[in-house]
Amino acid sequence: MDKNRISHHESVVRMYDRLKADGMTNLWDRYEAQGMGGNPDQRCPFCMGGVRCDLCSNGPCRADVAKDKRGVCGITGDGMAMRMMLLRNVMGSATYQYHADQTIKTLRATAKEQTPYKISEPEKLMDFAARLGVGTSGTNEEVALRFCDYVEGEFNKKYYEPSEIVEKLAPNERKELWKKLDIFPGGIYAEMMFSTSSCLTNVDGYYVSLALKAMRLGIAMAYQSQIVNEFCQDILFGIPRPHKMRVDLGVLDPDYVNILPNGHEPFLGFALVQAARKPEWQEKAKAAGAKGLRIIANIETGQEMIQRWEMDDVFYGFTGNWIMQEAVLASGCVDLFAADMNCSMQVDPMYADKYHFKLVPVSELVVFEGVNERINYKPEKAEAQAAQLLEMAIANFPVRKKNVEAITGLPMSEAVVGFSTESILAALGGTLEPLLEAIKNGAIRGVAGLVSCTSLRDNGQDVHSVKVAKELIKRDILVLSMGCGNAAMQVAGLCSPEAKELAGPGLKKICEALGTPPVLSYGTCTDTGRVADLIHHVSNALGGVAIPDLPMVAAAPEYMEQKATIDAIFALAFGLYTYVNPIPPVTGAPNLVKLLTEDIKGVTGALLDVETDAAKAAGNMLAHIEANRKKLGI
């Protein structure tokens, strides 16, 4: 495969050569093998168009809207495409909510002093509890328990019982619109049931109705699953604040015992760092022949960790996003890979056998064929479970060193990570006014929330994301980066202060004045809700400007999986101009395409753009921002 189709990152390109030399099945070759007619990006045209369905035994069916060719049940191609999109949204929402449920369970156990964690941000606990109407009298622990009871009650409301969380957190003009459209949600669990039930054969096949239900689900997910989850992780582990972090595959040193927490939940990752910082564990590692013991942050679990905790010689650095996974595992530096709820691959056991590391699922969700040894995370047992993982990794070190030749000399750099609403406000003197003034005077034309995964569709890993981000900052658009796309920015150097040289003159001046990068590392995909809350604050600070009229956009230059699809749908419900790439599987549904790319502007004020050229996409986003600036008179 051409190296430009492998990755933007030289470290990954180099590791691909090792994978080929070792004869290992790998993501890039598997992607290429899925192509048709010698084109790795070509798939079945019905599947690519979203007009194929196998939900019942009369199928699989194919549809053609132009010929009025329908499924056996009578559903049109537009209905087929939107129904499959809604089912993806349900999967994405369910996974976000699983994470939120684990976080609340951890907060509850911590409040009962049953975990190695603590309430690190009591002020945020009190502020968030008060914002939701939860009583703040008593100790921190009493408030936390009361808060857990409240949000769990909200999660479990019926779909026809309006969510108090949404009522208390969302902008007023959005709430009024959502109620008018009948998409103001109830509890997240009931909303998932409502959406899934709608997708049964012969229930709801109307693409407009299904799109509205998807937006309703997205609203429930963003305010309940995402905002509650991230704010509670802040309460437990700290509000993200800017600091430097080592990034890229060069953080892997084969002379150390290296443990990689992987996935999306940071709980055991934090417990591992706390334990590994104790001298007795470092001595155990040295007794096994290692220089010491390190916890290496990886993928979104790692992203959650590096945003909150500073690096040292134990919590050493961050590798990158999920497409790097096989490259990381083949480095010959890994002793234990702890796989939590997301982003571990079914080929990992083959890599564990080849490169002699311990592969341990640490979530009930994660299962690998042939791997029977597991530790299912339980907050009350986190300290003991972390110790068990450390013992396994240290025992593995001499085995790995004896049997695997490690790859060394891979690139490593530093990124500034840890931006959040609170830390941005702190950098601006406690108020949004300096940011708003920079937008008003035109130094910053607008803000883009880059909420992205990473994908091999049409480009190599992170290639398109980096191009889009560079085009945005060149146009004086400040980028807040989240998700696996955030790792792309960090490893590509766009989250370092030196990247100001790639920014336009106005943004560059702001970066120099504040000492910040032009791309602010704002968290994980779960932080979509956090950035929506920031946009709400900006709207309020500008006097209640409607969300669609703000000089702000959402961008997903390389969306990949089901969680990303519900993020995009929420952005449309929220009223944002939303750029996504690659083109979603809806092109066989012309009426649905028109709804999402044109007609929705008259419904929620949003718009979906699917431009594939990075420069044109950034130009389109800037044009929207400039139109809104004109509307606002700035």
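Scroll up for the structure.
Thresholds, definitions, all that
- Within every chain, residues take consecutive numbers counted from 1 along the sequence as written.
- Note on the predicted model: pLDDT of at least 70 is required for a residue's local features to be given, and 80 or more for side-chain atom pairs to be given and counted; whole-chain, interface and lining totals, by contrast, use all residues.
- No hydrogens and no water enter the side-chain calculation; it runs on all heavy atoms of the structure.
- Secondary structure follows DSSP: runs of H or I at least 4 residues long count as helices, runs of E at least 2 residues long count as strands, and numbering of each begins at the N terminus.
- Each radius of gyration reported is based on C-alpha atoms, and the globular scaling rule is 2.2 Å times the count of residues to the power 0.38.
- Any residue under 20% of the maximum accessible area for its type is buried, any over 50% is exposed, and the rest in between are partly exposed; the area is computed with a 1.4 Å probe on protein chains only.
- What makes two residues a contact is simply this: any of their non-hydrogen atoms within 4.5 Å.
- Shrake-Rupley sampling with a 1.4 Å probe provides the accessible areas, and residues are treated as covered by the protein chains on show and by no other component.
- Charge convention: Lys and Arg are scored as positive, Asp and Glu as negative, and His as well as the terminal groups of each chain are ignored.
- Lys charges are placed at NZ, Arg charges at CZ, Asp charges at CG and Glu charges at CD.
- For a helix, the expected span equals 1.5 Å multiplied by the residue count minus one.
- Consider a residue and the seven residues that end there alongside the seven that start there; fitting an axis to each set, the bend is the angle between those axes.
- Helix axes use the C-alpha atoms of the stretch in contact, all axes being lines fitted to C-alpha atoms, and the angles between their N-to-C directions lie in the range 0 to 180 degrees.
- Working definition: roughly parallel below 35 degrees, roughly antiparallel above 145 degrees, roughly perpendicular at 65 to 115 degrees, and oblique for all remaining angles.
- Note on convention: the crossing is left-handed when the near helix lies turned anticlockwise from the far helix by less than a right angle, right-handed when the turn is clockwise.
- Residues are grouped as follows: nonpolar covers Ala, Val, Leu, Ile, Met, Phe, Trp, Tyr, Cys and Pro; charged covers Asp, Glu, Lys and Arg; every other residue, Gly included, is treated as polar.
- Note on pairing: DSSP must find at least two bridges between two strands before they are called paired.
- For this analysis, a ring pair means two rings from Phe, Tyr or Trp (six-membered ring only for Trp) whose centres lie within 6.5 Å, classed as stacked if their planes differ by under 30 degrees, edge-to-face if by over 60, and tilted for the remaining angles.
- The term salt bridge refers to a side-chain nitrogen of Lys or Arg lying within 4 Å of a carboxyl oxygen of Asp or Glu.
- We call a crossover right-handed when, viewed with both strands directed away from the observer, the connection leading from the first strand over the helix to the second proceeds clockwise.

Engineer: What exactly am I supposed to notice about the overall build of the chain here?
Structural biologist: Helix and strand counts for the chain come out as 25 helices and 15 strands. The C-alpha atoms of the chain give a radius of gyration of 24 Å, which matches the 26 Å a tight globule of 634 residues would have. With 634 residues in all, the chain has 61% of them scored as buried. Pairs at least 24 residues apart make up 76% of the contacts formed inside the chain by residues separated by at least 6 positions. Carbon and sulfur atoms make up 52% of the accessible area of the chain, which amounts to about 22500 Å² in all. For the chain, the separation between the mean place of its 66 positive charges and that of its 77 negative charges on side chains is 2 Å.

Engineer: I'm lost on unusual backbone geometry in this one. Help?
Structural biologist: In most cases, non-glycine residues show a negative phi, while peptide bonds are predominantly trans. Omega for the bond connecting Gly59 with Pro60 falls within 30 degrees of zero, at 5°, which places this linkage in the cis form. Its place among the elements puts Pro60 in the loop between β1 (52–53) and β2 (61–62). Phi at Ile299 takes a positive value of approximately 50°, unusual for a residue other than glycine. Take Ile299: it is sitting in helix α13 (residues 299–308). The phi dihedral of Asp476 falls on the positive side, at around 65°, and the residue is not glycine. Mapped onto the elements of the fold, Asp476 is located in the loop between α19 (463–474) and β11 (477–482). A residue is classified by how much of its surface remains accessible, and Asp476, at 11% relative accessible area, is buried.

Engineer: For this particular structure, what's the right way to read helix α16 (residues 382–403)?
Structural biologist: Because the α-helix completes a turn every 3.6 residues, residues three or four places apart line up on one side. For α16, with 22 residues, the first-to-last C-alpha span of 31 Å sits near the 32 Å given by 1.5 Å per residue. If you look at α16, its biggest bend is around 35°, right at Asn396, and the proline Pro398 turns up within four residues after that. Looking at α16, one finds that the buried residues are Ala382, Gln385, Ala386, Leu389, Leu390, Met392, Ala393, Ile394, Asn396, Phe397 and Arg400.

Engineer: Help me understand the packing of helix α11 (residues 267–276) against α13, please; the structure alone is not making it clear to me.
Structural biologist: Between two packed helices, the angle of one axis relative to the other and the distance separating the axes together describe the packing. In the contact formed by α11 and α13, the axes pass within 9 Å of each other and the chain directions differ by 55°. In terms of their interaxial angle, α11 and α13 are classed as oblique. Pair α11 / α13 crosses with right-handed handedness. Between α11, through Gly269, Phe270 and Val273, and α13, the contact on the second element is made entirely by Glu304, Met305 and Arg308. In terms of residue class, the contact of α11 with α13 is built from three nonpolar, one polar and two charged.

Engineer: Would you explain the pairing of strand β3 (residues 243–247) in this entry?
Structural biologist: On a regular strand, one side chain projects to one face of the sheet and the next to the other, so that they alternate. Taken across its five residues, β3 has four buried, putting it largely inside the fold. Across five bridges, the pairing between β3 and strand β9 (residues 413–417) is antiparallel. Of the residues in β9, the one forming a bridge with Lys244 is Val416.

Engineer: How do you make sense of the sheet that holds β11 when you look at a structure like this?
Structural biologist: Within a sheet, neighbouring strands are paired by backbone hydrogen bonds and run either parallel or antiparallel to one another. Pairing is parallel across the open sheet formed by six strands, whose spatial order is β12-β11-β10-β13-β14-β15. Only two strands of the sheet have a single neighbouring strand rather than two, namely β12 (519–523) and β15 (607–609). When the angles between neighbouring strand axes are averaged without regard to direction, this sheet yields 25°. As paired elements, strand β14 (residues 577–580) and β15 share three bridges and run parallel to each other. Across the sheet, residue Tyr577 finds its bridge partner in β15, namely Leu607.

Engineer: Looking at this structure, I do not really get the packing of aromatic side chains. What am I missing?
Structural biologist: Each aromatic ring pair is specified by the distance between its two centres and by the angle formed by the two planes. Tallying each qualifying case throughout the model produces 17 aromatic pairs. Taken together, a centroid distance of 5.1 Å and an interplanar angle of 75° make the contact between Tyr159 and Tyr160 edge-to-face. Given the relative accessible area of 28%, Tyr159 is considered partly exposed. For Tyr160, a relative accessible area of 56% corresponds to the exposed category. Consider the rings of Phe337 and Phe357, whose centres lie 6.4 Å apart with planes at 65°: the pair is edge-to-face.

Engineer: What exactly am I supposed to notice about the pattern of salt bridges here?
Structural biologist: Think of it this way: side chains of opposite charge can pair up when their charged atoms draw near. The final tally for this structure, using the stated rule, is 42 salt bridges. Ionic pairing is found between Glu422 and Lys124, a salt bridge with its closest N-O pair at 2.8 Å. Residue Glu422 is located in helix α17 (residues 421–427), and its partner Lys124 is located in helix α5 (residues 122–131); the two are separated by 298 residues in the primary sequence. Exposure remark for Lys124: the relative accessible area of 8% places this residue in the buried category. Between Glu304 and Arg308 there is a salt bridge whose closest N-O contact spans 2.8 Å.

Engineer: Can you help me understand α19 in this one?
Structural biologist: Given a rise of 1.5 Å per residue, twelve residues ought to cover 16 Å, and the 17 Å separating the end C-alpha atoms of α19 matches this to within 8%. Across the twelve residues of α19, nine count as buried, placing the element largely inside the fold. Every buried residue belonging to α19 is among Val463, His464, Ser465, Val466, Val468, Ala469, Glu471, Leu472 and Ile473, and all of these are buried. Count one or two residues on from α19 and you reach Asp476, which has phi positive near 65°.

Engineer: When you look at the pairing of strand β13 (residues 552–556) in this model, what are you seeing that I'm missing?
Structural biologist: Of all five residues making up β13, five are buried, and the element is well covered by its neighbours. Residues of β13 alternate between two faces, with Met552, Ala554 and Ala556 on one and Val553 and Ala555 on the opposite face, all of them buried. Two strands pair when backbone bridges link them, and strand β10 (residues 446–451) and β13 are joined in this way by four bridges, in the parallel orientation. Paired with Val447 across the bridge in β13 is Met552. In this view, the connection linking β13 to its parallel neighbour β14 by way of helix α23 (residues 562–574) has right-handed handedness.

Engineer: Before we go on, may I ask you to explain the environment of Arg308 in this structure?
Structural biologist: Among the structural elements, Arg308 can be located in helix α13. As a C-alpha pair, Arg308 and Gly418 span 110 residues in sequence and 6.2 Å in three-dimensional space. Apart from the residues within four sequence positions on either side, Arg308 is in contact with Glu230, Gln233, Asp234, Phe237, Gly238, Pro240, His243, Phe270 and Arg530.

Engineer: Is there a simple way to explain the side chain of Arg216 in this structure?
Structural biologist: Tracing the sequence through the fold places Arg216 in helix α10 (residues 207–237). Once you skip the residues sitting within four places of it in the chain, Arg216 turns out to touch Tyr159, Asp182, Ile183, Phe184, Pro185, Gly186, Glu191 and Phe194.

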